[in-house]
Amino acid sequence: MRSSLRRLLGILVLALFVVPAAMLFLYRFVPPPVTPLMLIRAVEGYGITKSWVPLERISRNLQRAVIASEDAKFCQHRGFDWDAVDNAIERNQQGTRRKLGASTISMQTSKNLFLWPARNFIRKGAEAYLTVWLEALLPKDRILELYLNEIEWGPGIYGAEAAAREYFGVSAAHLTPGQAALMATALPNPLGWRVERPGPWMRDRAGTIQARMNSVTLGKTTLCP
């Protein structure tokens, strides 16, 4: 009996290490067919509208916008922005009305690919573990490509191409700086902050992001210079 339990535990531990690495290595070359969030939203009554496009067919305006909005140090860190973590802890301890997060693009990509949209220590721990694998196995260009193609951008809308066509009637390659900034503004709450109906706060935030986009430097042949 004990031998069987040890064997089962060994298999579970091995799976914990091997399965995420194997899937991420596969995703380095193959687009993910679906994510847990897409399936959850489908059960909730939303459809799944997505269209994978390579990073070079996504406007650099949008690439700059999401980096400026979600993860200014994307090209410098290895998955975790510890300065942002310290700042978030300090701000949240002060009891600010709007809670400040510290999830990097790499962390959000790990969550989107494998996890569920809950806020608890188990999910955050799994997210951190997967982020280590993500950064070890994938280059930054591929991480951002996965992020921009799998992120939720509205009810049943996933990825930059589907969102650009839904909200602006253009391909992701032709998004203007203003459109890109508005799309980036909605990312923290895509079901509540609607790109097609931006309120005053969203417009102000989009203006701030658009200004910050000018400080995001991208490489000529690769994403990160």
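Bear in mind the structure is a predicted one, so any value in this text is a computation, not a measurement.

Rules and cut-offs
- Throughout, a residue's number is its position along its own chain's written sequence, starting from 1.
- Residues qualify for local features only when their pLDDT is at least 70, as the model is predicted, and side-chain atom pairs are given and counted only at 80 or more; totals for whole chains, interfaces and linings, by contrast, use all residues.
- Side-chain descriptors were evaluated using all non-hydrogen atoms of the structure, hydrogens and water having been removed beforehand.
- Put simply, DSSP H or I for four residues or longer makes a helix, DSSP E for two residues or longer makes a strand, and each gets a number counted from the N terminus.
- By the criterion applied in these results, polar contacts are pairs of N or O atoms within 3.5 Å in which, for protein atoms, one can donate a hydrogen and the other can accept it, and in which residues neighboring in sequence qualify only through two side-chain atoms.
- For salt bridges, the criterion is a side-chain nitrogen of Lys or Arg within 4 Å of an Asp or Glu carboxyl oxygen.
- Only residues whose relative accessible area exceeds 30% and that form no salt bridge enter a patch; like-charged residues are grouped when within 9 Å of one another, and nonpolar side chains (Val, Leu, Ile, Met, Phe, Trp, Tyr) when within 5 Å.
- Here, Shrake-Rupley sampling with a 1.4 Å probe gives the accessible areas, and only protein chains in the shown set may cover a residue.
- Each residue is assigned to one of three classes by its accessible area relative to the maximum for its type, calculated with a 1.4 Å probe on protein chains only: buried under 20%, partly exposed between the two thresholds, exposed over 50%.
- Axis definition: a line fitted to C-alpha atoms, limited for helices to the stretch in contact. Angles are taken between N-to-C directions and run from 0 to 180 degrees.
- In what follows, roughly perpendicular refers to angles from 65 to 115 degrees, roughly parallel to angles under 35, roughly antiparallel to angles over 145, and oblique to any angle outside these ranges.
- With the far helix as reference, a near helix turned anticlockwise by less than a right angle produces a left-handed crossing, and one turned clockwise produces a right-handed crossing.
- Any pair of residues with heavy atoms lying within 4.5 Å of one another is described as a contacting pair.
- Each residue gets one of three labels, nonpolar for Ala, Val, Leu, Ile, Met, Phe, Trp, Tyr, Cys and Pro, charged for Asp, Glu, Lys and Arg, and polar for the others, Gly among them.
- By convention in this document, the label disulfide applies to cysteine sulfur atom pairs within 2.5 Å.
- When the centres of two rings from Phe, Tyr and Trp lie within 6.5 Å, Trp using its six-membered ring, the rings pair. Their planes under 30 degrees apart give stacked, over 60 give edge-to-face, and anything left gives tilted.
- Only when the NZ of Lys or the CZ of Arg is both within 6 Å of the ring centre and within 35 degrees of the ring normal is a charge said to sit over the ring.

Visitor: Looking at this structure, how should I read the side chain of Glu-135?
Guide: Within the secondary structure, Glu-135 sits in helix H6 (residues 121-137). Here Gly-79 takes part through its backbone nitrogen, which lies 3.4 Å from a polar atom of the side chain of Glu-135.

Visitor: Help me understand the pattern of salt bridges in this model?
Guide: Pairing of side chains with opposite charge becomes possible as their charged atoms draw close. Summed over all chains, the structure comprises 11 salt bridges. Ionic pairing is found between Glu-150 and Lys-50, a salt bridge with its closest N-O pair at 3.4 Å. Taken together, the residues Glu-150 in helix H7 (residues 140-150) and Lys-50 in strand E1 (residues 49-50) connect sequence positions 100 residues apart. Lys-124 serves as the salt-bridge partner of Glu-127, at 3.2 Å between the closest nitrogen and oxygen. Remark: Lys-124 and Glu-127 occur in helix H6; sequence separation between them is three residues, near one turn of the helix. A single salt-bridge network, built from bridges that share partners, covers Arg-41, Glu-44 and Glu-152.

Visitor: Would you mind going over a nonpolar patch on the surface with me for this structure?
Guide: The grouping of Leu-14, Leu-16, Phe-17 and Val-18 at the surface amounts to a nonpolar patch, some 390 Å² of accessible area in total. As for its position among the elements, Leu-14 is in helix H1 (residues 2-27). By relative accessible area, which is 54% here, Leu-14 ends up exposed.

Visitor: Whenever I open this one, the packing of helix H3 (residues 60-70) against helix H9 (residues 177-186) confuses me. Can you help?
Guide: Think of two packed helices as two axes; the pair is described by the angle between the axes and how far apart they sit. Contact geometry for H3 and H9: axes closest at 8 Å, N-to-C directions at 40°. It follows from the interaxial angle that H3 and H9 lie oblique. The element H3 and its partner H9 pack so that their crossing is right-handed. Packed against H3, whose contacting residues are Asn-61, Leu-62, Ala-65, Val-66, Ser-69 and Glu-70, the element H9 presents Pro-177, Ala-180, Ala-181, Met-183 and Ala-184 at the interface. For the contact of H3 with H9, the class distribution of residues is eight nonpolar, two polar and one charged.

Visitor: I tried to follow the state of the cysteines on my own but got confused; where do I start?
Guide: Two cysteines form a disulfide when their sulfur atoms are joined by a covalent bond. One pass over the structure, following the stated rule, counts one disulfide. The disulfide that involves Cys-75 links it to Cys-224, with 2.0 Å between the sulfurs. Between Cys-75 and Cys-224, the disulfide has an S-S torsion of -80° and is therefore left-handed. Separated by 149 residues along the polypeptide, Cys-75 in the loop between H3 and helix H4 (82-93) and Cys-224 in the segment after helix H10 (200-213) bring together distant segments of the chain. On the accessibility criterion, Cys-75 (25% relative accessible area) is partly exposed. Classification of Cys-224 as buried rests on a relative accessible area of 16%.

Visitor: Just checking my understanding: could you explain the side chain of Asn-149 for this structure?
Guide: Examined against the element boundaries, Asn-149 turns out to sit in helix H7. Taking relative accessible area as the criterion, Asn-149 reaches 2% and is therefore assigned buried. In this structure the side chain of Asn-149 is engaged in a polar contact, spanning 2.9 Å, whose partner is the backbone oxygen of Val-53. Residues in contact with Asn-149, not counting those within four places in the same chain, are Ser-51, Trp-52, Val-53, Ile-58, Tyr-158 and Gly-159.

Visitor: When you look at the packing of aromatic side chains in this model, what are you seeing that I'm missing?
Guide: For any pair of aromatic rings, geometry is given as the distance between the ring centres together with the angle between the planes. Counted under the stated rule, the structure contains three aromatic pairs. Ring geometry for Phe-25 against Phe-29: centres 5.4 Å apart, planes inclined by 75°, an arrangement best described as edge-to-face. The class of Phe-25 is partly exposed, set by a relative accessible area of 46%. On the basis of relative accessibility, which here comes to 56%, the residue Phe-29 falls in the exposed class. Just above the ring of Phe-74 sits the side chain of Lys-140; from NZ or CZ to the centre is 4.5 Å.

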